[in-house]
Structures are given as C-alpha cells and as structure tokens.
Amino acid sequence: MTDVAASPAPSAPAAPLPGGPSLPQVRRLATEIPGPRSRAFHERRRAAVAAGVGSGLPIEVVAAGGGVIVDADGNSLIDLGSGIAVVNVGNAAAPVARAVAEQAAAFTHTCFMVTPYEGYVAVCEQLNARTPGDHEKRSALFNSGAEAVENAVKIARHATGRSAIVVMDHAYHGRTNLTMALTAKSMPYKAGFGPFAPDVYRVPMAYPYRWPGGAERAGAEAAAQAIDHIRTEIGAERVAAVLIEPIQGEGGFIVPGEGYLGALVEFCHEHGILFVADEIQTGFGRTGRWFACEHEGIVPDLITTAKGIAGGLPLAAVTGRAEVMDAVHVGGLGGTYGGNPVACAAAIATIELIERDGLVGRAERLGGALRTRLDAMAAADDGIGDVRGRGLMQAIELVRPGTTEPDADRVKAVLAHTHAAGVVTLSAGTYGNVVRFLPPLVIGEDLLQEGLDVVADALAATR
Ligand SMILES: *Cc1c(COP(=O)(O)O)cnc(C)c1O
C-alpha cells in the first residue's frame with residue numbers, strides 16, 4: 001500500500017465547483033487521466049473501501065452536470081454513462097437540487113409507514129398515470145432497483161397464490177439473494193454467493209444477433225421455446241410471473257426479436273400468469289418513450305422502476321394493476337426508508353423536468369444521431385458485429401472479424417482509450433463484449449458528437 005503523503009504532490013487544489021448544467025459543457029484534459037489527485041485518492045480508497053466494490057474509471061469526481069463530469073485534477077470528461085442510466089435529467093439539475101434542499105429543510109424522514117406525507121403519494125400518482133395501460137393502478141416505493149424487483153415477486157406470488165418465477169437468458173435484476181437468482185450472469189454477479197433462492201426458471205431470450213435461426217426468426221422461435229419450457233417443464237399453473245426487461249440492460253442492450261414480448265404477454269394472460277416488466281434501466285425517457293414497453297404496445301401487469309426516476313437520489317417503485325397490488329395484506333409491503341421524502345421530492349422535480357424540457361422526444365432525436373454514428377462505425381469495422389438499442393440506450397457488440405466470437409479484450413481496450421481521452425463509457429453483455437452508450441438525455445448534441453469522435457478514434461486504434 002502506498003502512503004497517501006508519499007503520492008505525487010498534486011498541483012493547486014481545484015476550486016470547489018457548483019455542479020449542474022451551468023458547468024462548462026466541454027471536454028478538457030488538464031492532466032493525464034487519472035491525474036495525481038485522483039491517484040492519491042485511490043490509494044486512500046484502497047485502504048478503506050472493500051475490494052469487491054469496483055470502479056470502472058478511477059477518478060475523484062468533484063462536480064458534474066449536463067453532459068460532463070469534472071474530477072479533482074480539473075479534467076472535464078464527457079459523460080456517456082449517466083451513472084448507469086440514472087441522471088437522465090443531468091447531474092445536479094437545478095430544479096432537482098432545489099427540491100431536495102427545500103424538502104431537506106422541511107423534514108428528512110418520518111417513515112411513510114409511521115406518519116405519511118404528500119410526496120410519496122404524488123410520486124405514486126405520477127407512476128400510475130405515466131406507466132403503460134389506462135387500467136386502475138397502485139404503486140409502492142422502495143430504495144433500490146433490486147428491492148423493487150424483490151417486492152414485485154412478493155406481490156405476484158401473493159396475488160396469484162403460485163410460486164414459480166420465469167426469467168430470461170442474459171437477464172439482470174440485481175444483487176440481493178433473490179435477484180441474484182433472477183440474474184443470469186455468474187461472473188461477477190453470482191460467483192461464490194450461493195445458494196440462491198429456489199423456484200426460479202430460465203427460458204430462452206430472443207437475442208436476434210445470436211439466434212441460431214437468424215434475427216428474423218428470433219422472436220417467434222424464442223417465444224415458442226420459452227412457452228414450451230413453461231408448459232412442459234415448469235407447469236403454467238405453477239407460474240406466478242414472467243419477469244423480463246423489455247430491452248435487456250447489463251445483458252448487452254438486447255432488443256428482443258419482433259413478436260417475442262407480445263407472444264409472452266398473450267401466453268401469460270391465457271394462463272393467469274402476471275407479466276412483469278423490469279423497466280429499471282429503460283424507464284423515464286431513456287429509450288425515446290416514457291417506458292420501453294410502449295415501443296411494442298405492451299401493457300405489463302406489474303412494472304418495476306428505479307434508476308432514472310429521481311435525478312440520482314435512491315428511489316424505486318413497483319406499479320401495477322390495483323387488484324394485484326392491493327392483494328397484499330396491510331403491513332406486508334414497506335421498509336424504513338422506502339419512499340424517503342427527499343427522494344420523492346427529487347422524483348417529482350425530475351418527472352416535471354422530463355415533461356417541461358421534452359426530454360423523451362429529445363432522447364428519440366439524439367438517439368437517431370447516435371444510431372447514424374454507430375452504423376457508420378460498423379460499416380467501416382468488421383469487428384462490430386451488431387448495433388442495437390433505442391433512443392439514448394444503444395450499444396455495439398464487438399466480435400472477431402468474420403465470426404460472431406465475442407471480443408471482450410477489444411472492449412477493454414476501447415474503454416481504456418476513451419477513458420484516457422476524457423470520455424466516460426461503459427461495457428455490458430454476457431460475454432463482456434458490448435460497449436454501451438447511456439448519455440444524459442440533456443447532453444448537448446455537439447458534446448455527444450465529440451464523445452463519439454473519441455469512440456471512433458478508440459475503435460480505429462484497436463482495430
Ligand atoms: C440496475 C438494475 C437493477 C438493480 O437496480 P439496483 O438499484 O442496482 O438495485 C434491476 N434491474 C435492472 C434492469 C437494472 O438495470
């Protein structure tokens with residue numbers, strides 16, 4: 001371990017910066033990345049923080065806003081990750097910061113289960129009104145995405161009196177014990193952490209790029225296989241819920257083949273199975289709709305949300321059919337912090353901001369520009385096997401040229417190149433061979449284009 005005091009002497013301390021959209025929207029390299037202050041910070045971190053908590057780009061953040069993140073060395077990086085699809089409205093968005101400050105000054109916590117308050121109800125009303133379907137709905141609030149998914153499973157089991165849960169290949173639903181069972185990928189999410197919760201069954205996902213029968217047949221064939229598996233090996237009458245991300249997130253931004261979601265919804269309805277959409281990564285305008293189910297006209301019975309809901313504050317929800325949600329006995333759902341008043345104030349401000357600034361339409365428009373660039377990169381590079389996603393949730397899948405063999409090493413090299421050049425990018429995918437793009441919906445188009453120029457450079461440098 002290096003002594004912090006022995007680390008390279010940092011230059012003059014960076015002046016404290018107000019974050020938010022007033023930060024200069026530029027990429028600026030003041031030092032190498034990570035610079036001396038960030039490196040010293042990481043020595044300190046190594047001695048204090050458990051090694052199991054990783055960081056993709058080890059800088060020390062001091063401010064962020066709009067489409068940039070500023071570090072302790074004075075570098076200004078273009079943000080193509082949004083803290084994993086969380087700050088859709090940008091970091092420290094002024095109306096969100098104001099709502100948080102005002103709520104914190106009024107009261108920070110009473111526990112909704114003890115003495116309730118208006119913000120919680122207002123968030124539930126917004127969710128009930130904005131999620132797909134015009135049936136009567138109810139919502140319940142939690143702290144994290146995983147907690148929302150766990151509660152969706154609790155509710156589905158209670159409401160149906162059945163126990164089996166069906167999930168997909170390549171699925172990601174969280175890191176708690178039940179959600180590890182629901183998640184597909186072993187390393188790093190599950191390895192060494194079992195045993196896992198029982199009565200969880202995995203069925204084929206319509207992954208067009210890798211479907212043996214070809215992309216066109218992926219939706220129909222995968223749905224037929226999934227349904228056959230449920231019928232013959234699980235028993236449809238035992239299944240409480242089919243749980244699916246309408247576009248898979250950690251799995252690599254897989255947009256299910258055409259017809260897959262619709263066929264599953266129909267099968268669920270015929271057999272009294274609840275269709276649960278995990279929109280934790282896809283929600284709140286990310287894909288160019290409020291919720292990704294809207295692209296295919298899908299109306300889930302239950303929907304889980306989190307990430308983009310509250311401008312960066314921890315909040316999550318389950319929203320669904322009133323009769324399903326209300327099936328649970330009083331006291332059966334809750335948690336000390338669930339629907340914390342400060343997080344609820346942030347959510348109300350976030351939802352208003354998405355509406356006020358037309359950010360759903362903006363995600364669709366900028367998503368078109370993003371797709372044009374990614375398609376051009378793919379046309380010039382036979383190591384890009386697939387370009388996919390919707391709105392500002394898109395990705396490229398890297399393979400060895402002329403094959404579909406995953407090239408995770410090149411993804412690592414591309415990320416290292418963009419990080420060193422001041423652009424925050426993320427990987428994804430079961431095989432770790434996907435570069436995903438999740439810029440804030442408020443990012444300036446010039447800044448997005450500049451970030452993609454750097455990605456193109458990284459691809460050229462690693463070809
Ligand atoms: C991130 C994510 C989760 C887990 O959310 P946490 O807040 O990290 O617990 C669950 N489902 C999906 C689709 C996600 O992207």
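Residues numbered from 1 in each chain as written. Predicted model: local features only at pLDDT ≥ 70, side-chain atom pairs only at ≥ 80, totals over all residues. Heavy atoms only, no water.

The subject of this paragraph is the overall build of the chain. When helices and strands are counted, the chain shows 13 helices and 15 strands. Taken over C-alpha atoms, the radius of gyration comes to 22 Å for the chain, in line with the 23 Å a tight globule of 463 residues would show. The principal-axis extent of the C-alpha atoms belonging to the chain is close to 65 × 60 × 45 Å. Looking at the chain as a whole, 54% of its 463 residues qualify as buried. A separation threshold of at least 6 residues defines the contact pool for the chain, and within that pool the share at least 24 residues apart is 73%. Within the structure as shown, the chain displays about 18500 Å² of accessible surface, and the carbon and sulfur contribution to it stands at 55%. Distance from the positive charge centre (38 side chains) to the negative charge centre (50 side chains) of the chain: 4 Å. (Helix = DSSP H or I, 4+ residues; strand = E, 2+ residues; numbered from the N terminus. Rg over C-alpha atoms; globule rule 2.2 N^0.38 Å. Buried < 20%, exposed > 50% of the residue type's maximum accessible area, 1.4 Å probe, protein only. Contact = heavy atoms within 4.5 Å. Areas by Shrake-Rupley, 256 points an atom, 1.4 Å probe, with all protein chains shown as cover. Lys, Arg positive; Asp, Glu negative; His and termini not counted. Charge placed at Lys NZ, Arg CZ, Asp CG, Glu CD.)

The strands that make up a sheet pair up through hydrogen bonds in the backbone, lying either parallel or antiparallel. Strand order across the open sheet formed by four strands is 1-2-3-13, with mixed pairing between neighbours. The strands lining the two open edges of the sheet, one partner per strand, are strand 1 (61–65) and strand 13 (423–424). In terms of strand pairing, strand 2 (residues 68–71) meets strand 3 (residues 76–79) through three bridges, oriented antiparallel. Directly across from V68, in strand 3, lies its bridge partner I78. Against the sheet, helix 13 (residues 445–461) engages strand 2, strand 3 and strand 13, with an angle of about 95° to strand 3. (Pairing = 2+ DSSP bridges. Axes fitted to C-alpha atoms, helices over the stretch in contact; angles between N-to-C directions.)

In total, this model carries 22 salt bridges according to the counting rule given. In this structure, the salt-bridge partner of R46 is E43, at a minimum N-O distance of 2.7 Å. One end of the pair, R46, and the other, E43, are both in helix 1 (residues 36–48), three residues apart, so they sit about a helical turn from each other. Judged by relative accessible area, R46 falls into the exposed class, the value being 56%. (Salt bridge = Lys/Arg side-chain N within 4 Å of Asp/Glu carboxyl O.)

Now for the environment of C111. Within the secondary structure, C111 is located in the loop between helix 3 (94–106) and helix 4 (118–130). Classification of C111 as buried rests on a relative accessible area of 8%. Each C-alpha atom of the pair C111 and Y337 lies 6.3 Å from the other, and the pair is 226 residues apart in sequence. The residues touching C111, leaving out its near neighbours within four places in the chain, are P116, Y117, G335 and T336.

Before going further, it helps to spend a moment on the sheet that holds strand 5 (residues 164–168). Reading across from one edge, 4-10-9-8-7-5-6 is the order of the seven strands in this open sheet, with mixed pairing throughout. Either end of the sheet is taken by a strand with one partner, and the two such strands are strand 4 (137–142) and strand 6 (200–203). Pairs of neighbouring strands in the sheet enclose a mean axial angle of 20°, with direction left out of account. Relative to strand 9 (residues 302–305), strand 8 (residues 274–278) is paired through three bridges, and the arrangement is parallel. The residue bridging D278 from the neighbouring strand is T304, located in strand 9. Running over the sheet, helix 4 touches strand 4, strand 9 and strand 10 (316–321) and is turned about 130° from strand 4.

One ladder, built from four bridges, connects strand 5 with strand 6; its direction is parallel. Bridge pairing in strand 6 links I165 to V200. Crossover connection from strand 5 via helix 6 (residues 177–182) to parallel strand 6: handedness right-handed. (Right-handed = clockwise from strand over helix to strand, strands pointing away.)

Another aspect to go through is the packing of helix 4 against helix 10 (residues 341–356). Across the interface, helix 4 lies against helix 10 with an axial gap of 8 Å and an inter-helix angle of 35°. The crossing of helix 4 and helix 10 is left-handed. Side by side, helix 4 and helix 10 meet where G119, Y120, A122, V123, Q126 and R130 of the first sit next to C344, A347, I348, I351 and E355 of the second. (Left-handed = near helix turned anticlockwise from the far one by under 90°.)

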